[in-house]
Amino acid sequence: MTSHPLDVPRLTKATVTQTVHPPFAAELFATLSVHSQYVLHGNVRDDHLVADVLDDGSRRSRALGLEDLLWEGLQRAGYKCLLRYDQVAGFTVVHSDEGLDMNTLLERNTRRVPGRSEENDGGRVARVFESFARGWVGERPGPPQDNPRYDDYQKPVHAALLVDYASRIPTQVNQLSDDERTFFLRCLKIAEEARAFPRQKTGRALFNPVVWLADGERDLPAWLVTSSVRVRSIGVPLPDLGQRRRMAGLLAAQAGVPGTATALDVGPLLKGAVREEPTHEDTERLARAASGLTLRAMRESMRLARARRLPFADMDQAVRIYELGVSRNPWTGGAVADSIRDGEASISARVRGQEKAVTQTLDVLKRAALGLSGAQASSTSVHRPRGVLFFAGPTGTGKTELAKAVATTLFGSEDACLRFDMSEFSAPHSADRLVGAPPGYVGYEAGGELTRAVREDPFRVVLFDEIDKADKGVLDKFLQVLEDGRLTDGQGVTTYFSECVLIFTSNLGVHGPSGADGRPLSSPLGRERLPETPEERAEFEREILENVRHHFAHTLKRPELLNRLGGNIVVFQYIDETTAHQIFKGQLDNIVGHMERQGGLRLRVLPEAEKVLADECTRDRHNGGRGIGMKLETHLINPLARGVFALDVDLTPGTVVTVSRVTVHPDGNVELALHATPGERTPDRQPAW
């Protein structure tokens, strides 16, 4: 672990009267007389802020690496050295008082013991731990007994030992090998049998502590911590907003420092760069932009800013680049705003008969492009998604189509629409597919489908289709995404959704409010005559909204999820007769174009036949455009394919197939009157069959 003592040059010669350490460090220093081993878990690879209280009442902040932070407190308590062990470098001396030859002592400790040639690596390490806990009493190389300094070398050495990368010692914490179990059992025995040594100046008896540095509390065997009162577990949290503000102030003080190196190790000030004077607003913006990041990540973000010639005023952009790993940002520079302006007409043409829904959606997109999403809140997470939409309404009315149109408008392609069919996530634990399985479970190595895809391309429209069919455990994941804009997968990797637009679709409420089992309690809208007048459509929208609220509050018992959606629920109406005929005409044109592209056949549907098809396909509008497509399949595509195969004609490219009449029999069978006109074979096209 590399340590970086960080501070800001003092402008006055004030005296330090008190030093305030982070709570986790203060807890460790205060209990050294009680506990012989500690497990520090969490944010153990970060910088940590220390506040020096000066005699004039002011405070000066410093940022220290964990090793330097611990050594500062341990040295004041009378400790003479700080050691570190990891499985790669073995035992090393991090800090030591002058005249204390710890390297020689460690070399003697780590040699093989005669008669123990079979001793494994874990056994030799545990043997060093035992000597360490005893303070190496009687083991230090020193002068002979007749030397006046002999007694000094028989006294215990007051030392502390950091076990770094402790999470990587067990292969599987729940399935320890025999050697691993023996090693940890010896460590537990060492903790129980250790004794405290009095300090010469204070007389306070303190243990030689073993400090395990772990990523998570459960990365070490649970019984190592719970089986002994001598072992204490202490969490090291991520920095809060106050700490990030203090770190931003330290970084701001270095923004205009010339030279090739700085106290904060943020890289050299660029040659010819203008000396900066960051404002309070600049530091506040940086502190809020770094939500969820470590202090070390803030420092690395400043290094990134200097490498990219970004001024301190743009440090929030450097943080975004550091988080997402991409420098391009379609949301800035007006690119998205121009796309929305240019795409309004194409969206309206693509999603027919839903003028109000399209307008509401465009309002949300315009708000996102201007960075105004959630601007009314006094404190808004900078990682929240750019926009959130909930499309509710009958099936086949254009909800999914509008989501794809949004992706095309914002990011230039339908491929930017990442779609999840939530009916596939209806089983318990299906959330693991989205965010990744926990360690030890099948699929852990693959990660989550959602988190992996968003990390690969953060600029996406993420479509959760038929969200009401998802398991409640999946819905709980969305609470974190909507509130904090990030998810941490099973491998501990954080994914940010700050550049995404999230769209949920559902036909919730179309058939009335749902009960505890999710089924409709009643069907007030399941009538034959669809809402047509403006008054009926307004009443339909009110019923949909009320039924959606009822579902979230009473069926799912997740009113907080509905609150996160706010006023972004967009209701889609049943399509009217005019829109139904427009959709029919568009789908018929798709069939004509597809036949010519695939087989070179030209399809003509005469007006009389087209009218019969239109009447049949648009008679029932309950299923919207999807219902029209199903009718076209049964009334045109299926009998057309059957009839074309029955024609005694060489179907060469260019052949014209004409549908002159459509007959729908009482039993539902459809018969087409077809005839074909052979076309001339072209050299660059092959026959259809």
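The structure displayed is predicted, hence computed values, not measured ones.

**Q** Teacher, can you tell me more about the overall build of the protein here?
**A** When you go through the protein residue by residue, the secondary structure sums to 22 helices and 22 strands. Across the 689 residues of the protein, 48% fall into the buried class. Summed over its atoms, the accessible surface of the protein is roughly 33,600 Å², and 49% of this surface lies on carbon and sulfur atoms.

**Q** Can you walk me through the packing of helix α20 (residues 577–599) against helix α21 (residues 607–618) in this structure?
**A** Between two packed helices, what matters for the description is the angle formed by their axes and the separation of those axes. For the pair α20 and α21, the least separation of the axes is 10 Å and the interaxial angle reads 120°. Here α20 lies oblique to α21, going by the angle between them. The handedness of the crossing between α20 and α21 is right-handed. In this structure, α20 contributes Ala580, His581, Phe584, Lys585 and Leu588 to the contact, and α21 contributes Glu610, Leu613, Ala614, Cys617 and Thr618. For the contact of α20 with α21, a count of residues per class yields six nonpolar, two polar and two charged.

**Q** Looking at this model, I keep getting lost on the sheet that holds strand β14 (residues 417–421). Mind explaining?
**A** A sheet is described by the order of its strands in space; here five strands give the open sequence β14-β15-β18-β13-β19, paired in parallel fashion. The open sheet has two free edges, formed respectively by β14 and β19 (569–571), since each of these has just one partner strand. Shown here is a sheet whose adjacent strand axes are inclined to one another by a mean of 20°, direction ignored. Of the strand pairs in this sheet, strand β13 (residues 387–392) and β19 are connected by three bridges, and their pairing is parallel. Paired with Ala392 across the strands is Val571, a residue of β19. The strands touched by helix α14 (residues 399–411) within the sheet are β13, β14, β15 (461–465) and β18 (501–506), with β15 carrying the most contacts at an inclination of about 170°. Sheet contacts for helix α16 (residues 449–456): β14 and β15; angle to β14, the most-contacted strand, approximately 175°.

**Q** How should the pattern of salt bridges be read in this particular structure?
**A** Tallied over the entire structure, the rule returns 38 salt bridges. Between Glu67 and Arg84 there is a salt bridge, and its shortest N-O distance comes to 2.4 Å. Here Arg84 lies in strand β6 (residues 81–86) and Glu67 lies in helix α2 (residues 66–76), a separation of 17 residues in the sequence. The two residues Glu67 and Arg84 agree in class, both being buried. Residues Arg350 and Glu414 are paired through a salt bridge, measuring 2.1 Å at the closest nitrogen-oxygen approach. In this pair, Arg350 is assigned in helix α12 (residues 335–350) and Glu414 in the loop between α14 and β14, connecting sequence segments 64 residues apart. Each of the salt bridges in this network shares a partner with another, and the network as a whole consists of Asp52, Arg60, Arg62, Glu72 and Arg76.

**Q** Quick question: what am I supposed to make of the confidence of the model for the protein here?
**A** Regions with low pLDDT carry predicted coordinates that are not meant to be interpreted in detail. In this model, the protein carries a mean pLDDT of 83, and residues with pLDDT of at least 70 account for 84%. Under a pLDDT of 50 for its full length, residues 523–527 has, in the predicted model, ten contacts with residues more than four places off or in other chains.

**Q** It is not clear to me how the sheet that holds strand β21 (residues 656–664) should be interpreted in this structure. Could you clarify?
**A** Whenever strands of a sheet pair, they do so through backbone hydrogen bonds, lying parallel or antiparallel. Spatial strand order, β20-β21-β22: three strands in an open sheet with mixed pairing. Each having just a single partner strand, β20 (602–605) and β22 (670–677) make up the two edges of the open sheet. Neighbour-to-neighbour, the strand axes of the sheet open up by a mean angle of 30°, direction not taken into account. Lying over the sheet, α21 contacts β20 and β21, oriented at roughly 50° with respect to β21.

**Q** Teacher, can you tell me more about helix α17 (residues 472–484) here?
**A** In an α-helix there are 3.6 residues to a turn, and that puts residues three or four apart on one side. Its 13 residues give α17 an end-to-end C-alpha distance of 19 Å, which sits within 8% of 18 Å, the value for a rise of 1.5 Å per residue. Of all the positions in α17, only Val474, Leu475, Phe478, Leu479, Val481 and Leu482 are classed as buried. Gly485, located one to two residues past α17, shows a positive phi value of around 70°.

**Q** It is not clear to me how empty space enclosed by the protein should be interpreted in this structure. Could you clarify?
**A** Where empty space is left can be seen by rolling a probe of water-molecule size over the atoms. Summed over all chains, the structure comprises one cavity of 30 Å³ or more. Of the voids in this model, the largest cavity is the one considered here, and its volume is about 50 Å³. As for the largest cavity, its lining consists of Phe390, Ile467, Leu475, Phe478, Leu482, Phe504, Phe552, Leu561 and Leu565. Elements with a minimum of two residues in the lining of the largest cavity: α17 and α19 (559–565).

**Q** Even after reading the chapter, I still don't get the packing of α12 against α14, so can you show me in this structure?
**A** Between α12 and α14, the shortest axis-to-axis distance is 8 Å and the interhelical angle comes to 150°. Classified by the angle their axes make, α12 and α14 are roughly antiparallel. Helix-helix and strand crossings are classified by hand; for α12 and α14 the assignment is right-handed. From α12, Val336, Ser339, Ile340, Gly343, Ile347 and Arg350 reach across to α14, where they touch Glu401, Leu402, Lys404, Ala405, Thr408, Thr409 and Leu410. Of the residues belonging to the contact of α12 with α14, the class tally is six nonpolar, four polar and three charged.

**Q** In this structure, what is going on with the nonpolar core? I would like to understand it.
**A** Generally speaking, soluble globular proteins have nonpolar side chains that are buried together. Counting residues in hydrophobic clusters, the biggest one holds 43 residues, and the most contacted among them are Phe390, Met422, Leu450, Phe464 and Phe504. Among the elements that make up this core, the one with the highest residue count is α17 (six residues). For Phe390, the residues in contact, after removing those within four places along its chain, are Ile467, Phe504, Ser506, Leu508, Val548, Phe552, Leu565, Asn568, Ile569 and Val570.

**Q** What is the right way to read the environment of Asp55 from this model?
**A** Position of Asp55 among the secondary structure elements: in the loop between β4 (47–54) and β5 (59–65). Judged by its relative accessible area of 48%, Asp55 is partly exposed. Counting along the chain gives 37 residues from Asp55 to Gln18, while the straight-line C-alpha distance between them is 8.8 Å. Dropping the residues within four chain positions of it, Asp55 is found in contact with Ala14, Thr15 and Thr17.

**Q** Would you mind showing me how to read the side chain of Thr451 here?
**A** Position of Thr451 relative to the elements: it lies in helix α16. For Thr451, a relative accessible area of 0% corresponds to the buried category. Other than its neighbours up to four places away in sequence, Thr451 contacts Leu434, Val435, Leu487, Asp489 and Thr495.

**Q** For this particular structure, what's the right way to read the pairing of strand β3 (residues 37–42)?
**A** Regular strands show a simple pattern: their side chains alternate between the two faces of the sheet. The buried count for β3 comes to five of six residues, which makes it a mostly enclosed element. Bridge analysis of β3 against strand β11 (residues 210–214) gives five bridges, and the strand direction is parallel. Bridge pairing in β11 links Gln37 to Val210. Sheet analysis places β3 next to strand β12 (residues 231–236), joined by six bridges and oriented parallel. Looking at the pairing, Gly42 lines up with Val236 of β12.

**Q** Before we go on, may I ask you to explain the packing of aromatic side chains in this structure?
**A** Any aromatic ring pair is given by two values, namely how distant the centres are and how the planes are angled relative to each other. Applying the stated criterion across every chain, the model contains 17 aromatic pairs. Arranged with centres 5.9 Å apart and planes meeting at 35°, the rings of Phe184 and Trp212 form a pair that is tilted. Taken together, the positions of Phe184 in helix α6 (residues 178–193) and Trp212 in strand β11 put the pair 28 residues apart, joining distant regions of the chain. Measuring from ring centre to ring centre gives 5.2 Å for Phe478 and Phe504, while their planes differ by 80°; the resulting arrangement is edge-to-face. Highlighted residues: Phe478 in helix α17 and Phe504 in strand β18, separated in sequence by 26 residues. You'll find Phe478 and Phe504 in the same group, each marked buried. Three or more aromatic residues joined by ring pairs form one cluster here, namely Tyr85, Phe91, Phe129, Phe183, Phe184 and Trp212.

Criteria and thresholds
- Residues numbered from 1 in each chain as written.
- Predicted model: local features only at pLDDT ≥ 70, side-chain atom pairs only at ≥ 80, totals over all residues.
- Heavy atoms only, no water.
- Helix = DSSP H or I, 4+ residues; strand = E, 2+ residues; numbered from the N terminus.
- Buried < 20%, exposed > 50% of the residue type's maximum accessible area, 1.4 Å probe, protein only.
- Areas by Shrake-Rupley, 256 points an atom, 1.4 Å probe, with all protein chains shown as cover.
- Axes fitted to C-alpha atoms, helices over the stretch in contact; angles between N-to-C directions.
- Parallel < 35°, antiparallel > 145°, perpendicular 65-115°, else oblique.
- Left-handed = near helix turned anticlockwise from the far one by under 90°.
- Contact = heavy atoms within 4.5 Å.
- Nonpolar A, V, L, I, M, F, W, Y, C, P; charged D, E, K, R; others polar.
- Pairing = 2+ DSSP bridges.
- Salt bridge = Lys/Arg side-chain N within 4 Å of Asp/Glu carboxyl O.
- pLDDT = per-residue confidence, 0-100.
- Expected span 1.5 Å × (residues − 1).
- 1 Å grid on protein atoms, 1.4 Å probe; cavity = no way out; pocket = protein on both sides within 12 Å on 5 of 7 lines; lining within 4 Å.
- Points joined across faces, edges and corners; volume = space filled by probe spheres on them.
- Core = buried A, V, L, I, M, F, W, Y, C linked by side-chain atoms within 4.5 Å.
- Phe/Tyr/Trp six-rings, centres within 6.5 Å; stacked < 30°, edge-to-face > 60°.

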